[in-house]
Amino acid sequence: MKILVLNGPNLNMLGLREKDIYGSDSLNDIEKRLAIIAEKNNCVIDFYQSNAEHELIDVIQNSLNKKVDAIIFNPAGYTHTSVALRDALLAVKIPFFEVHISDVESREDFRKKSYFSDIAEKVFSGHGVKGYELALNEALNFNR
Ligand code: DQA
């Protein structure tokens, strides 16, 4: 099985940005833990983070050629704005799991709208950085 963990804008700043909301783990800390879980499950795992919408779109499109089975995606700020990223996921038809470290429902009104939740296999929001591990376990057990 092949899984892509995709992170959107400002998630490269984890561990530095708004620690009261996002905690003190860096993205690298999170990825290391995910890599261990993946290895134990004979799963090939790839990580990608970008602050640029078009780069995230390109990586989603290229996932078809790379035969990615599932995507774990924290679209970050693009969650609430990006029709283009939604369309990319619909185009490739690769099952994906949406992750938010914070509980987006209980924050500002503009964070309540997600362009992804209705097409995601499952949404993990408000579990802190553990949400990535929950999503990975779900993806590992996912049968289309
Ligand atoms: C986030 C929530 C988004 O509203 C925000 O723009 C982020 C991170 C989260 O993981 O809680 O950058 O996706």
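This text goes with the structure placed above it.
Each chain carries its own residue numbering, running from 1 in the direction its sequence is written. Totals for whole chains, interfaces and linings use all residues, but because this is a predicted model, local features are given only for residues with pLDDT of at least 70 and pairs of side-chain atoms are given and counted only at 80 or more. Water and hydrogen atoms were dropped before computing side-chain values, which therefore reflect all heavy atoms in the structure.

This part is about the nonpolar core. As used in this record, nonpolar core signifies buried Ala, Val, Leu, Ile, Met, Phe, Trp, Tyr and Cys residues forming a set joined through side-chain atoms within 4.5 Å. Per-residue accessibility, obtained with a 1.4 Å probe over protein chains only, is compared with the maximum for each type, and a residue is labelled buried under 20%, exposed over 50%, and partly exposed between these values. Counting residues in each nonpolar core, the largest one holds 25 residues, and the members touching the most others are I3, I72, Y132 and L136. Helix numbers and strand numbers start at the N terminus; a helix is a DSSP run of H or I with at least 4 residues, a strand a run of E with at least 2. Breaking this core down by element, the ones donating at least two residues are β1 (2–7), α2 (27–40), β3 (70–74), β4 (96–100) and α5 (130–140). For L136, the contacting residues outside a window of four places in its chain are I3, L34, I37, A38, I45 and I72. Counting residues in each nonpolar core, the second largest holds 18 residues, with I60, I71, F96 and A120 among its members. Throughout, a contact is declared for two residues whenever any of their heavy atoms are within 4.5 Å.

Before going further, it helps to spend a moment on the site of the ligand. Proximity is defined per residue: any heavy atom of the residue falling within 4 Å of a molecule or strand makes that residue near it. The environment of the ligand is made up of R17, Y22, N74, A76, G77, H80, H100, I101, S102, V104 and R111. Any N or O atom pair separated by 3.5 Å or less is treated as a polar contact, with the protein-specific requirement of one donor-capable and one acceptor-capable atom, and with residues adjacent in sequence counted only for side-chain atom pairs. Here an oxygen atom of the ligand and a side-chain polar atom of R17 are 3.1 Å apart. Separating an oxygen atom of the ligand from a backbone N or O atom of I101 is a distance of 2.7 Å. Considering the ligand on its own, with 320 Å² of exposed area, one finds that the protein chains cover 97% of that surface. Among the cavities detected, the one that contains the ligand is the largest pocket. Of the residues belonging to the shell around the ligand, the class tally is 4 nonpolar, 5 polar and 2 charged. In these tables, accessible area is a Shrake-Rupley quantity obtained with a 1.4 Å probe, and a residue counts as shielded only by the protein chains included in the view. Note on definitions: the grid is 1 Å and covers protein atoms alone; a cavity is a set of points where a 1.4 Å probe fits but cannot get out; a pocket is an open set with protein on both sides within 12 Å along at least five of seven lines; lining residues have an atom within 4 Å of a point. The way we define it, a molecule is inside a pocket or cavity when more than half of its atoms are within 2 Å of that pocket's grid points. Three classes are used: nonpolar for Ala, Val, Leu, Ile, Met, Phe, Trp, Tyr, Cys and Pro, charged for Asp, Glu, Lys and Arg, and polar for all others, with Gly counted as polar.

Before going further, it helps to examine the packing of helix α3 (residues 53–65) against helix α4 (residues 83–92). Contact geometry for α3 and α4: axes closest at 9 Å, N-to-C directions at 5 degrees. With respect to α4, the axis of α3 lies roughly parallel. Counted together, E53, L56, I57, I60, Q61 and L64 of α3 and A84, L85, A88, L89 and V92 of α4 form the full contact between these two elements. Of the residues contributing to the contact of α3 with α4, the split by class is 9 nonpolar, 1 polar and 1 charged. Inter-axis angles, ranging from 0 to 180 degrees, are taken between N-to-C directions of lines fitted to C-alpha atoms, where helices are fitted over the stretch in contact. An angle below 35 degrees is read as roughly parallel, one above 145 as roughly antiparallel, one from 65 to 115 as roughly perpendicular, and any other as oblique.

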